[in-house]
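Listed here are the chains, written in short residue letters.
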Amino acid sequence: MRIDAHQHFWLMSNRQGQWPPPDLAKIHRDFTPSDLEPILKACGIGGTVLVQSLPTMADTDFMLELADRHAFILGVVGWVDLKAADAASHVARLASHPKLKSLRPMLQDIPDVGWIDDPHLDPAIASMKEADLRFDALVMPQHLRALTAFAERHPDLSIVIDHGAKPRIAAGEIAPWRDAMAGLAAFPNVHCKLSGFLTEAGGRRDADAIRPYADTLLELFGPERLMWGSDWPVLRLAGSYEDWLAMCHAFVPQSHHDAVFGRNAIRFYKLDGSEEAA
């Protein structure tokens with residue numbers, strides 16, 4: 001079973017004043033399951049993980065409603081204000097839905113790069129652990145020091161780094177990012193997504209420019225802690241679903257395809273119904 005471990009849906013009516021802006025014409029419109037499902041079928045993808053794109057619980061409820069209606073959405077990554085006084089109760093409410101698998105604070109948009117390294121998060125994280133939820137880390141290289149401290153504080157929380165922490169591929173910068181990612185990969189509870197690289201590449205979107213970053217993730221996390229995601233429809237800013245999938249097929253040795261393109265996401269998110277959705 002092939003899984004897309006990272007994709008989005010949204011309605012522009014719910015995003016007034018929010019990203020994406022009108023000048024990003026390729027993605028400044030509604031994206032719903034009917035847009036993606038034909039692409040999934042053409043590419044042999046049997047199920048997806050639907051990921052939040054607004055810091056609101058209304059967005060999470062919207063995604064869970066979609067998951068109720070579309071069998072190919074096997075899991076949802078939602079949002080809660082994890083530092084709110086009532087965060088634990090909101091975590092418990094959302095976790096009562098069987099397709100809620102993980103939560104994701106939008107760390108890349110928070111001015112304080114050390115936001116995640118804060119014991120005030122502990123009650124909400126304890127509620128996540130009790131509900132057997134995962135933690136999606138939407139981070140950039142400048143957040144990796146704080147994320148490392150967070151991972152060390154919570155060794156029993158399963159964490160996945162979205163988009164490989166968005167390395168600065170366009171600038172050709174790799175060494176500082178690699179060093180920080182190596183520290184995180186040393187924690188067995190930390191996993192990573194091979195996703196989002198095309199949109200970080202700027203004018204360097206060829207396979208030769210991106211391969212060193214993909215190779216780094218495979219080397220650091222191994223074939224058992226790396227999972228593929230499309231980041232569709234954001235991907236449309238830089239390329240097609242089919243081309244990104246083909247590029248990653250070439251990056252990952254054939255012997256590891258079952259793991260990276262399916263099994264790891266199923267295991268990490270504990271996706272139910274994967275056989276039925278195939």
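Residues numbered from 1 in each chain as written. Predicted model: local features only at pLDDT ≥ 70, side-chain atom pairs only at ≥ 80, totals over all residues. Heavy atoms only, no water.

1. Examining the packing of aromatic side chains
Here comes step 1: If you walk through the whole model with that rule in mind, you get 11 aromatic pairs.
Here comes step 2: On the numbers, 5.3 Å between centres and 85° between planes, the contact of Phe 31 with Trp 232 is edge-to-face. Placement of the pair is Phe 31 in the loop between strand E1 (3–7) and helix H1 (33–43) and Trp 232 in the loop between strand E8 (226–228) and helix H9 (241–251), with a sequence separation of 201 residues.
Here comes step 3: For Phe 31, a relative accessible area of 0% puts it in the buried group.
Here comes step 4: Above the ring of Phe 268, the side-chain terminus of Arg 134 is found at 5.9 Å from the ring centroid. (Phe/Tyr/Trp six-rings, centres within 6.5 Å; stacked < 30°, edge-to-face > 60°. Helix = DSSP H or I, 4+ residues; strand = E, 2+ residues; numbered from the N terminus. Buried < 20%, exposed > 50% of the residue type's maximum accessible area, 1.4 Å probe, protein only. Lys NZ or Arg CZ within 6 Å of the ring centre and 35° of its normal.)

2. Remarks on unusual backbone geometry
Here comes step 1: With omega at 5°, the peptide bond leading from Trp 19 into Pro 20 counts as cis.
Here comes step 2: Structurally, the position occupied by Pro 20 is in the loop between E1 and H1.
Here comes step 3: In this chain, Trp 232 is followed by Pro 233 through a cis amide linkage whose omega measures 5°.
Here comes step 4: Looking at where Pro 233 falls in the secondary structure, it is placed in the loop between E8 and H9.

3. Comments concerning helix H3 (residues 87–95)
Here comes step 1: Within H3 the residues assigned to the buried category are Ala 87, Val 91 and Leu 94. Down the axis of H3, the buried side of the element spans an arc of 70°, and every buried residue falls inside it.
Here comes step 2: Residues of H3 that are buried sit in contact with helix H2 (57–69), strand E4 (100–103) and helix H4 (122–130). (Arc of directions from axis to C-beta. Contact = heavy atoms within 4.5 Å.)

4. Some words on the nonpolar core
Here is a general trend for soluble globular proteins: nonpolar side chains tend to be buried in one another's company.
Here comes step 1: Among the nonpolar cores identified, the biggest contains 79 residues, and Leu 82, Phe 135, Ile 161, Met 181, Leu 194, Trp 228 and Tyr 241 are the most heavily contacted of them.
Here comes step 2: No other element matches the 7 residues that helix H8 (residues 207–221) contributes to this core.
Here comes step 3: With sequence-adjacent residues up to four places away left out, Leu 82 is seen in contact with Ala 87, Val 91, Leu 103, Pro 105, Trp 115, His 120, Leu 121, Ala 124, Ile 125, Met 128 and Phe 135.
Here comes step 4: The next biggest cluster of nonpolar side chains, apart from the first, holds 12 residues, and it includes Ile 3, Val 51, Val 160 and Leu 271. (Core = buried A, V, L, I, M, F, W, Y, C linked by side-chain atoms within 4.5 Å.)

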